[in-house]
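Summary of structural features
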Amino acid sequence: MPSHLFADRPAQPPEPGSVDALISQTRRLRGEVDAVRRDTVVDDDDAQGRWQRALCDLAVHHLDDLGQHLGQLKEGLPPAPELIEAPQAAPEPEPEDHRTRVGSAEWNLLTDEVTWSDELFQIFGRSPESGALPLDELGSTLFSEDQPLLTAWVTACLVDGRPIDGEFRIVRADGRVRTLHMRGEPVIDSDGCTASMWAVLRDVSELRRSQRAVRESQDSLQRRREIAQTEHRLAVELQEAVLPPWRGSLQFPSGSAGSLDVAAHYMPSATSALIGGDWYDALELPDGRSMLTVGDLTGHGVTATSGMAMMLGALRGMAMAGIEPGPLMGWLNQLLETSVQPALGSAVCCCYDPARRVLSWAQAGHPAPLLFRRGTGRSLVPPEGVLLGATSGAAYGQAEEHLEPGDVLVLSTDGLTPRSIEFSRTDGTERLLSLASRFSAARSAQDCVRLVIQEFGDNRREDDACVLVARVGG
């Protein structure tokens, strides 16, 4: 008769048709999961992809096991051999094919007979001719640190009647290491004594390997997320420390008839995760002129913001030293070319003389400033200038523009519009120029900045951007 595990409920074999349907569903699902696994492209640096692939491997192993168990259920329980004066041990599971990972064993304490299923011989890497291992020799195949665990389980099972449910590692004769899950119980005879012990052992090596891969992938992904969050926080803190602290409008120089009313704004990307190397700045120079600048370095994160801090610091120092915009761009190009972190950058630098109302400016591969006068706008004709860091010894031209009272000057970086076929740098310029009449009616540079934010402050922008507006006083 079957072991006492099944003594309280008679065997009720399932309908063959229902099991066949479950087997078909399992095979179909296994094929679909395997197709997803094959289509998962995994790179060495792709933690998310490795995690998805590990989950697929784990699901495939579970479905393989389910298919084997359903096959055994379809075949039914084989007839069990009779045991002299002792209840019969649990029957051996019928294999579905040679790849099965489940085997059974029985150790008869009355006759010292040991019975292993063919699957268990395969799991242990032993030939049936070499014979099954008795209980006192089973531990010799285990890792040394797992041997006391098995000894305690077997003792508790035989002496106290406790069931065994645990895992241990074995070293096969061919040197391969396998992880086995063992479930066993004592078989009690009519006198209440332990007559034998039966066990079902399952090779869970691939399953545990897949689970470890999932855990390691999750840990790796979590570490990368934490690193990204830390880098993002550092980039934000560095950007806030470097960009001008002033908010609202500034007057350069204060009290002068031709002074500039200046306002600026930084607009983050739609996700706020891409902190780039965009900058803006305005400061009053020792000779009474005013310096205006916007620029952008390639890249994102701490590298971009640290490069931006270097460039903006150098630009401020050279402007305070009286270097004109054209030569200043040449020095910035040389600085970026010799930087430890190679990058490209674009910039505009303007010096405004309030006494003459003349704007001297230079650019390095950057959108030209837009000049708005009496309700119309135009882009200034750019002097010669290539991207910063693009070529050694590049020369940068310098242009001049006479400004009038009420003129509005707009400087911006090219992240205002989304990067797509639908939008381009020209589209951003056209959208800014369409604000000409509204700029003319604005009372201050800060009002003009608000108009730009209203026009470009949607959530589709993929990159951060800066805008600086200067309004010439009367």
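All of these numbers come straight from a predicted model, not from anything done at the bench. (Residues numbered from 1 in each chain as written. Predicted model: local features only at pLDDT ≥ 70, side-chain atom pairs only at ≥ 80, totals over all residues. Heavy atoms only, no water.)

**A short note on the overall build of the protein chain**
Defined as follows: Secondary structure elements are defined from DSSP: runs of H or I of at least 4 residues count as helices, runs of E of at least 2 residues count as strands, and each element is numbered from the N terminus. Contacts are assigned to residue pairs with any non-hydrogen atoms lying within 4.5 Å of each other. Only the protein chains shown count as cover for residues, with accessible areas throughout obtained via the Shrake-Rupley method and a probe of 1.4 Å.
Per the secondary structure count, the protein chain includes eleven helices and 16 strands. A separation threshold of at least 6 residues defines the contact pool for the protein chain, and within that pool the share at least 24 residues apart is 64%. For the protein chain, the computed accessible surface area is about 23,800 Å², with 52% contributed by carbon and sulfur atoms.

**With respect to the sheet that holds strand β9 (residues 290–297)**
Here is the rule: Strand pairing is assigned whenever DSSP detects at least two bridges linking the two strands. Note on definitions: angles span 0 to 180 degrees between N-to-C directions of axes, and those axes are lines fitted to C-alpha atoms, for helices only across the stretch in contact.
Strand order in the open sheet formed by five strands is β8-β9-β10-β11-β14, and the pairing between neighbours is antiparallel. Where the open sheet ends on each side, the last strands, each with one partner, are β8 (279–284) and β14 (399–402). The average angle at which neighbouring strand axes cross in this sheet is 15°, direction not considered. Of the strand pairs in this sheet, β9 and strand β10 (residues 345–353) are connected by eight bridges, and their pairing is antiparallel. Note on β10: the bridge partner recorded for Leu292 is Cys350.

**Quick look at the environment of Ser217**
For Ser217, the location among the structural elements is in helix α6 (residues 205–242). Between the C-alpha atoms of Ser217 and Gln52, which are 165 residues apart in sequence, the distance is 8.5 Å.

**Concerning helix α7 (residues 302–320)**
Heads up, the rule is: Between the first and last residue of a helix there are one fewer steps than residues, each counted as 1.5 Å, and that sum is the expected span. Each residue gets one of three labels from its accessible area relative to the maximum for its type: buried under 20%, exposed over 50%, partly exposed in between, using a 1.4 Å probe on protein chains only. In this description, the arc belongs to the directions extending from the helix axis to the C-beta atoms.
Here α7 contains 19 residues, and its C-alpha end-to-end distance of 27 Å stays within 8% of the 27 Å for a straight helix at 1.5 Å per residue. Within α7 the residues assigned to the buried category are Ala304, Thr305, Gly307, Met308, Met311, Leu312, Leu315, Met318 and Ala319. When α7 is viewed along its axis, its buried side chains cluster within an angular range of 155° and face the same direction. On its buried face, α7 is in contact with α6, β8, β9, α8 (325–337) and β10.

**Some thoughts on the packing of aromatic side chains**
For clarity, the threshold we go by: The pairing test for Phe, Tyr and Trp rings, Trp by its six-membered ring, is centres within 6.5 Å, and the orientation test on the planes gives stacked under 30 degrees, edge-to-face over 60, and tilted for anything in between.
Applying the stated criterion across every chain, the model contains four aromatic pairs. Their ring planes at 80° and their centres at 4.8 Å tell us that Phe372 and Phe439 sit as a pair that is edge-to-face. Here Phe439 lies in helix α10 (residues 436–441) and Phe372 lies in strand β12 (residues 370–373), a separation of 67 residues in the sequence. By the burial criterion, Phe372 is buried, and Phe439 matches it. One aromatic cluster in this structure is built from Trp116, Phe121 and Phe124.

**Quick word on the pattern of salt bridges**
In plain terms, the rule: By salt bridge we mean one thing: a side-chain nitrogen of Lys or Arg within 4 Å of a carboxyl oxygen of Asp or Glu.
Inspection of every chain in the model, using the stated rule, returns 19 salt bridges. One salt bridge in this structure joins Asp353 and Arg356, with 3.6 Å as the shortest N-O distance. The buried category is assigned to Asp353, whose relative accessible area is 17%. In this structure, Arg374 and Glu404 form a salt bridge, with 2.9 Å as the shortest nitrogen-oxygen distance.

**Structural notes on the confidence of the model for the protein chain**
So the rule is basically this: Residue-level confidence of the predictor, termed pLDDT, takes values from 0 up to 100.
In this model, the protein chain carries a mean pLDDT of 82, and residues with pLDDT of at least 70 account for 83%. Counting contacts from residues 1–13, a segment whose pLDDT is below 50, to residues more than four positions away or on other chains yields eleven contacts.

**What about the side chain of Ser412?**
If you trace the backbone, Ser412 turns up in strand β15 (residues 408–412). Judged by its relative accessible area of 13%, Ser412 falls in the buried class. Non-local contacts of Ser412, meaning those with residues more than four positions away in its chain, are made with Val294, His366, Leu432, Cys466 and Val467.

**Things to note about the state of the cysteines**
Let me state the cut-off plainly: The definition used for a disulfide is geometric: two cysteine sulfur atoms within 2.5 Å.
What the rule picks out here adds up to zero disulfides. The thiol sulfur of Cys350 is not disulfide-bonded, and the nearest other cysteine sulfur, from Cys349, lies at 6.6 Å.

**With respect to the pairing of β14**
In β14, alternate side chains face the same way, and those of Ala399 and Glu401 are buried while those of Glu400 and His402 on the opposite face are not. Across four bridges, the pairing between strand β11 (residues 358–364) and β14 is antiparallel. Paired with Trp361 across the bridge in β14 is Ala399.

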